Amino acid sequence: MKKTLILTTALTGFAFAAGAEEITVMSWGGAYAKSQIEGYHKPFTEKTGVKVISVDADNPATPIKAQVEAGNVTVDVVDVEYPDAVRLCDEGLLEEIDPSILPPGADGTPAEEDFLDGAISDCLVTTIVFSTLYGYDSTKFEGEAPSTIADLFDMEKFPGKRGMRKAPKTTLEMALMADGVAPEDVYEVLETDEGVDRAFAKLDTIKDNVVWWEAGAQPPQLLADGEVVMTTAYNGRLFNAAVGEGQPFVMVYDGQVMDYDGYAIPKGAPNLERALEFLVFATETEQLAEQAKWISYGPARKSSAPFVGLYQDGKTEMGPHMPTSPENLEGALTTDYEFWVDYNTELSERFNAWLAQ
C-alpha cells in the first residue's frame, strides 16, 4: 500500500516518468479484448507513447496466480472477475490500489462516489458490469420461442443441445432459478446442502444434452455451427454476434446473472508505475464510455452513462442492450461475491466430480 501511495504524486496530471515504453495487459480475448484495445489501449498509446501488448487467456486469474507464485510475472495489468480479484488479493497475489489516484467523474463527482457500489476493492477497479445469460438461434424454433430461464432446461418443449459454461459459478444459480427459486433467494438456498443438491438435480435433467464451453468466444460459435440450439454466454459476446455480425441470435435476459469485472495489477508486475498509469487512464469516465461503444457491457462509473451513445455501426443505440437497462433487470440476479469467495473451491470440486460421473 505504501508503494502505491508514493506513486500517487507521480501520477497526478499524468506526469509520466521515464521508464518502460510498453506494458502487457492480459484479458479474455475475442470481442471483449477488441473493445478494450479500441477503448483503452490505442488511446493510451496515443496519449503517452507507451505501447500496450494484449495477451489472452480463458480466465486470466489462473495464469496470473501461477506467474506470481512462481516469481515469474510477465503481465502488468490483468482483467479479472470480481470474486477472483478478492481471492487473489486475499492471497497477496495482487498489488493494492489506492483509490485516491483515480480521477473524479467528468461531472466532478469523486471517484469513490462515482463508481457503482462496491466497484472499487482493495486490489481491483471495476470497469464493466456484464452478465451471463442465454441466447438461442431464432431459425431453430417455429412458433413459440424460449423466453424464460426455465425454457433453457425444458428439453420437451424446446429440444436440442444446450451450451453451458464448464464452471459452477452462474451455472448453479441459473439451475435454481429455472427450478423456481426467486433471484433474491438463490444464495440463501445455495448455502444449504439441500440447495446444492437441488441445483445439481436440475442440471441432471439436461446433462446428457450439454456441450460445455470454457472460453467466452465459444458460445456464439457453437450456435453458429449448429452444435447447440441455445447456450449460456456472456451478453457482450452474443451482442457482438447478433448485432455486429448479423447472426440470427436472440438474447434472453430472464435469469441473467450480473457480475463486476475490472483491472488489477499482479504482485511483482515488471512495470508497476506504467501499469498504474494505464489503470487510471482506462477507468476515467470517457474511456469507460468509449469501451461501451464496442461491446454491450455497462460502464462501472455512473458519470459514463451520458457518454454512451451508438454502437460502432453508427445506428444501434447501446443503452437497451446493457444488462443494467431497466427492461432487462426483471428476473435478474446480481452475483454474491462473498458467497463465491467462500464457496468457490468446495463447489468447484463438487461440480468437477459431478461432470466426471
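Quantities reported herein were computed from a predicted structural model and do not represent experimental measurements.

K.L.:
Would you take a moment to explain unusual backbone geometry for this structure?
P.N.:
Apart from glycine, the bulk of residues carry a negative phi angle, and the bulk of peptide bonds sit in the trans form. Although it is not a glycine, T170 adopts a positive phi angle of roughly 75°. Mapped onto the elements, T170 comes out in the loop between strand 5 (162-165) and helix 7 (171-178). Under the relative-accessibility criterion, T170 is labelled buried at 2%.

K.L.:
Before we go on, may I ask you to explain the domain arrangement of the chain in this structure?
P.N.:
Many structure descriptions define interface size as the accessible area lost when the parts assemble. In terms of domains, the chain is made up of domain 1 (18-129 + 260-318) and domain 2 (131-258 + 329-356). Measuring from the centre of the C-alpha atoms in domain 1 to the corresponding centre in domain 2 gives 26 Å. With 20 residues of domain 1 at the contact, the number on the domain 2 side is 16 residues. Residue E81 is joined to K169 by a salt bridge in which the shortest nitrogen-to-oxygen separation is 3.3 Å.

K.L.:
What exactly am I supposed to notice about the packing of helix 4 (residues 82-90) against helix 14 (residues 337-356) here?
P.N.:
Relative to each other, helix 4 and helix 14 sit at 55°, their axes nearing to 9 Å. Considering the angle they form, helix 4 stands oblique to helix 14. Here helix 4 runs over helix 14; the crossing is right-handed. Contact with helix 4, carried on its side by Y82, P83, V86 and D90, involves Y337, W340 and V341 of helix 14 and no other residues of that element. Classifying every residue of the contact of helix 4 with helix 14 by side-chain character gives six nonpolar, no polar and one charged.

Calculation notes
- The numbers attached to residues start from 1 for each chain and follow its sequence in the written order.
- Totals for whole chains, interfaces and linings use every residue, but because this is a predicted model, local features are given only for residues with pLDDT of at least 70 and side-chain atom pairs only at 80 or more, for both listing and counting.
- To obtain the side-chain values, all non-hydrogen atoms of the structure were included, while hydrogens and water were left out.
- Under the scheme used here, helices are H or I runs from DSSP no shorter than 4 residues and strands are E runs no shorter than 2 residues, and both carry numbers assigned from the N terminus.
- Whether a residue is buried, partly exposed or exposed follows from its accessible area with a 1.4 Å probe, protein chains only, as a fraction of its type maximum: under 20%, in between, or over 50%, in that order.
- Residue ranges for the domains trace back to a domain assignment, done automatically or taken from a database.
- We call two residues contacting when some pair of their heavy atoms lies within 4.5 Å.
- A pair is scored as a salt bridge if a Lys or Arg side-chain nitrogen falls within 4 Å of a carboxyl oxygen belonging to Asp or Glu.
- Orientation is described by lines fitted to C-alpha atoms, with helices fitted over the stretch in contact, and by angles between N-to-C directions that extend from 0 to 180 degrees.
- For classification purposes, an angle smaller than 35 degrees is called roughly parallel, one larger than 145 roughly antiparallel, one from 65 to 115 roughly perpendicular, and anything else oblique.
- The handedness criterion is simple: a crossing whose near helix is rotated anticlockwise from the far helix by less than a right angle is left-handed, and one whose near helix is rotated clockwise is right-handed.
- Here the term charged refers only to Asp, Glu, Lys and Arg, the term nonpolar to Ala, Val, Leu, Ile, Met, Phe, Trp, Tyr, Cys and Pro, and the term polar to all other amino acids, Gly among them.

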